[in-house]
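Structure at a glance
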Amino acid sequence: MRGSVLVALAATVGNLLQGWDNSSIAGSIPYIKEELNLQSQPAVEGLIVAMSIIGGTTITTFAGTVSDSFGRRPMLIMSSILYFLSSIIIQWAPNVYVLLLARLLDGFGVGLAVTLIPLYISETAPSEMRGQLNTLPQFMGSGGMFLSYCMVFFMSMMDSPSWRLMLGTLSIPAVIYLSLTLFFLPESPRWLVSKGKMIEAKRILQRLRGREDVSGELALLLEGLGVGTETTIEEYIIGPANEITGETDAKEHVKLYGPEEGVSWIAKPVTAGFSSLGMLSRNGSLANQSVPLMDPLVTLFGSVHENMHTTGSTRSLLFPNSASMVSVGENQGTNEHLDEEGDKDGEESYPEAYRTDSDDNLRSPLLSHHHSSMEKGTSHSSMFSSRRNSSLVNSGEEGVMGIGGGWQLAYKWSEKIGKDGRKEGGLQRIYLHQEGTIGSQQHSVTSSAGFGIPEDEFVQAAALVSQPAVCSKDILGQASEGLAAIHPSEIAAKGSGCDALFEPGVKRALIVGVGLQILQQVAGINGVLYYTPQILEQAGVVVLLSSLGLSSASASFLMSILTTFLMLPCIFLAMRLMDVSGRRSILLYTIPILVVSLVVFILGSVFNMDSSLKAVISTGSVMIYLSCFVMGFGVIPNILCAEIFPTRVRGICITICSLTYWIGNITITYSLPVMLNYLGLSGVFTIYAIGCAVSWIFVFLKVPETKGMPLEVITEFFAVGSKND
C-alpha cells in the first residue's frame, strides 16, 4: 500500500500550509499593526485575520459540487496556486487593501484544502487503513503550526522582525505543494469511474495498490455509483460442495467459485436466522433496540464489527485470495473475455451510444454479454470479466471478488418462473460478509480448496443483496437477449441532483455529518485555543520565560510552540488507533475526558486556593483537553463525513458539512468575547462542558462505527437502515 500512503502524504501538504498560515498570521499581527498604523483600528485588524475565514466559507459553498464536475485533482491544484499567489502578493503588499486581497485568496486555498483533502484520501485509500491515512490532515496541520511558530519565534528575536517575511515564507511549501499536485497526485479513481473513464481508473488503482489485479475493486467503485433502494439482507450457510447436498432442491444453492478449478463451495440460503445482520433485519425492521432512542444503524454497523472481532480479522476467511479469483465452469471454454476497451461479441445487447472503444463511452469494467444454452430453458448467462480476471455468473452461481475489510463483492443470476408464468428475477449484486464458523474444529485451520478454512466446517455469512448499478430494470425488460448495461456516467448523473439529498440513507448520513460538525464547535476548541496564552500567562509561564531574557512576544510564541508540539504525539497515537479501536470508540472514550478536564478547570477557577496549585490545575486541564480533542473530536468528524455519503452526492454533501464547520467556527469565535463579558470564563467553560456531554450522547445514539468497511458498503448500510424512514 506504499502508493496510497505516499499519495495521502502528498495531498496533506495542503493541510500543512493551512496550519502554517494560521500560526504565521497570529505571529505577524503585532508587527502589521505597528507598520500599517492600525493601533486605533481594531476592526481592520480583526478583518485581516477573519478574511481567510471569509474566503474559506465562501469557496466551500461550491467546492464539493465543482469537484464532482471537474474532478478532485484540479481543485487541489487550484488550492496550491491560490496559496502560492497569496504568499507572493503579501510580500509586496503596499497597503492594507492589498493585504486583505491576499488574505482572501489564501482563504480560498484553505477552504479547498480543508474540504477536499479528506474526501480525496477517503476515495484513494484502501478501507483497511483509510482512518489512519485520514488522520494525516490533522497531523500535518498541527505540524505546520509547530514549524511556523518556530519560524516566527526565531524571527521575533531579530532586531526588526518583518511581517512580510513571516507571511511570505508560505510560498516555499506552496511551491512544493503545487509541484506535487501537478506531477504526482493522481485523480480519484472513484471520480473517474463516475465519468466512465475505466481505463484510467484501473491504471491509477494499480499504482495505488501496487498490484496488477484490481478488477474486484474496480467493480466495487462502479457499484458505488448506485445505492440499492430495494436492498435486502439475506443469510447463507457456506460449506464444501460435498457437505451441503440433498437437503433442498439444487436450484436453491448458490455455487461459489474459487481460485482452483471446479466448484469449491456451496452457499445455501437459510430462513432461520443465525446472522446478527439478518436477525436485526427481521426483528421489526431494525426497530427493536436494547438501548432506547439508539439509532438502529448504530446497532446494524456494530453487529458487523462484533463479528469481525469474533473471526479475529477484518480479512475474510472465506476467500483470502479472492482479489485474484478466476471462476471456472463447464462452459468456460466457450466464452471469450471482454477487453475493457470494448469487444464486438454481444454488442447487440447494448444501446448504440455505448458501442465504441472510446474511454469516455466505456460500458463498464467487468460486464460483457455471452450467451449459452441452458438445460431445459432459454435463459442466458452473463460473464463479469476483466482482461486477466473473470467471474462466471450463471443461473444460481456467484463469482466472488475481495473488496477489503473482510467483504466480498459477488454477482448471481437468479431467475424463476412466477405464478403468472413470466420470468422473474435477474442479475443481483451481493456484498458478502463472513460472520463466523460452525463446527468442532475452529482451532485447526487447514487448507480446503485453497480457501484456508477447515474442511468439515460451515461458514456463516450475511449478505446485502440488491440490483447492480450496471443494470437497468427498464432495459432488462426490453432486451430480447442478454443483459443491457448503463454507462457509468448515466448512473452518477441519475441521482446527483438535490433530490438525492432527500433519500432516506443520505438524509440519515447528513444528520450524522452535520451534527458532528456543529457539536465539534460547541465543544469549545476555539475558545480554549483563544484563551490558552492567557491561562499560561496566569500560570506564570510568561514570567518564567521572560526571566530567561525573552521578550513578551517571544515568550508567547514559545508557549505556542510547546502547545502545538504536545499535540503531535497525541495525533500520532490516534492515527495508530483509528483503524484498530475505531472512530466511534475513540470519540466515546475521549469526550468524557474533555468534560472532566473542563469541569476541573471550572472548579479551579471558582474555589479559592493557592496560586501555584491553581496554575497547575489550569495548565494541566487545558493541556489534557487539547491533547484529547485532537485525538478524537478534532479529526474524526472530517473522517466520517468523507466516508458516509454515496459517490454520486459525496461532493455536495461534503460541501454542506464543511459549510456547517465554517459557520460554526465563525459563530463560536466571534461570540466568545461577548460570552466572556456576560458569563465570565467559568460560565463559558461550563457551556463548553455541557456541549461535550451532549456530544457524547449524540455519538452514542447516532454515530455508527465505520472502520475497515468499504465506502460503498457503508452507504449501502445507511440505505438499508433508513428505508423505513
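Just so you know, these numbers come straight off a predicted model, no measurement behind them. (Residues numbered from 1 in each chain as written. Predicted model: local features only at pLDDT ≥ 70, side-chain atom pairs only at ≥ 80, totals over all residues. Heavy atoms only, no water.)

What the rule picks out here adds up to twelve aromatic pairs. Seen from their ring centres, Phe146 and Phe565 are 5.5 Å apart, and the 40° between their planes marks the pair as tilted. Highlighted residues: Phe146 in helix 7 (residues 136-156) and Phe565 in helix 20 (residues 552-577), separated in sequence by 419 residues. Using a relative accessible area of 19% as the deciding quantity, one classes Phe146 as buried. Judged by centre distance (6.1 Å) and plane angle (35°), the rings of Phe629 and Phe633 are tilted. For the pair formed by Phe629 and Phe633, the shared burial category is buried. Members of the aromatic cluster, joined through ring pairs, are Phe301, Trp407, Phe717 and Phe718. One cation-aromatic arrangement involves Arg207 over Phe184; the distance from NZ or CZ to the ring centre is 4.9 Å. (Phe/Tyr/Trp six-rings, centres within 6.5 Å; stacked < 30°, edge-to-face > 60°. Helix = DSSP H or I, 4+ residues; strand = E, 2+ residues; numbered from the N terminus. Buried < 20%, exposed > 50% of the residue type's maximum accessible area, 1.4 Å probe, protein only. Lys NZ or Arg CZ within 6 Å of the ring centre and 35° of its normal.)

Proteins that are soluble and globular tend to have nonpolar side chains buried together. The biggest cluster of nonpolar side chains holds 159 residues, and the ones touching the most others in it are Ile32, Ile48, Leu99, Tyr625, Phe633, Phe685 and Phe717. When residues of this core are assigned to their parent elements, the largest contribution, 17 residues, is made by helix 24 (residues 650-702). Core analysis: the next-biggest nonpolar cluster, separate from the first, contains ten residues, Tyr236, Ala461, Ala463 and Val465 among them. (Core = buried A, V, L, I, M, F, W, Y, C linked by side-chain atoms within 4.5 Å.)

Moving on: helix 2 (residues 13-35). Compared with an ideal rise of 1.5 Å per residue, which puts 23 residues at 33 Å, helix 2 spans 31 Å between its outermost C-alpha atoms and is within 8% of the ideal. In helix 2, a bend of some 45° at Ile29 exceeds every other bend along the element, and Pro30, a proline, comes one to four places later. Counting buried residues in helix 2 gives 17 out of 23 residues, a clear majority hidden from the surface. Just past helix 2, the residue Asn37 takes up positive phi, approximately 55°. (Expected span 1.5 Å × (residues − 1). Bend = angle between axes of the 7 residues up to and from the residue.)

Below, the discussion takes up the pairing of strand 10 (residues 458-466). Both faces of the sheet carry side chains from a regular strand, because those side chains alternate between them. Within strand 10, eight of the nine residues are buried, which leaves the element mostly enclosed by the surrounding structure. Two strands pair when backbone bridges link them, and strand 1 (residues 232-240) and strand 10 are joined in this way by seven bridges, in the antiparallel orientation. Among the inter-strand pairings, Ile238 is bridged to a residue of strand 10, identified as Val459. (Pairing = 2+ DSSP bridges.)

Here we take up the packing of helix 5 (residues 96-124) against helix 24. For the pair helix 5 and helix 24, interaxial distance at closest approach is 10 Å and the crossing angle is 135°. One element, helix 5, and the other, helix 24, form an angle in the oblique class. When the axes of helix 5 and helix 24 are compared, the crossing they make is right-handed. Contact residues: helix 5 offers Val110, Gly111, Val114, Thr115, Leu119 and Glu123, while helix 24 offers Arg650, Ile654, Ser658 and Trp662. Considering only residue class, the contact of helix 5 with helix 24 consists of five nonpolar, three polar and two charged. (Axes fitted to C-alpha atoms, helices over the stretch in contact; angles between N-to-C directions. Parallel < 35°, antiparallel > 145°, perpendicular 65-115°, else oblique. Left-handed = near helix turned anticlockwise from the far one by under 90°. Contact = heavy atoms within 4.5 Å. Nonpolar A, V, L, I, M, F, W, Y, C, P; charged D, E, K, R; others polar.)

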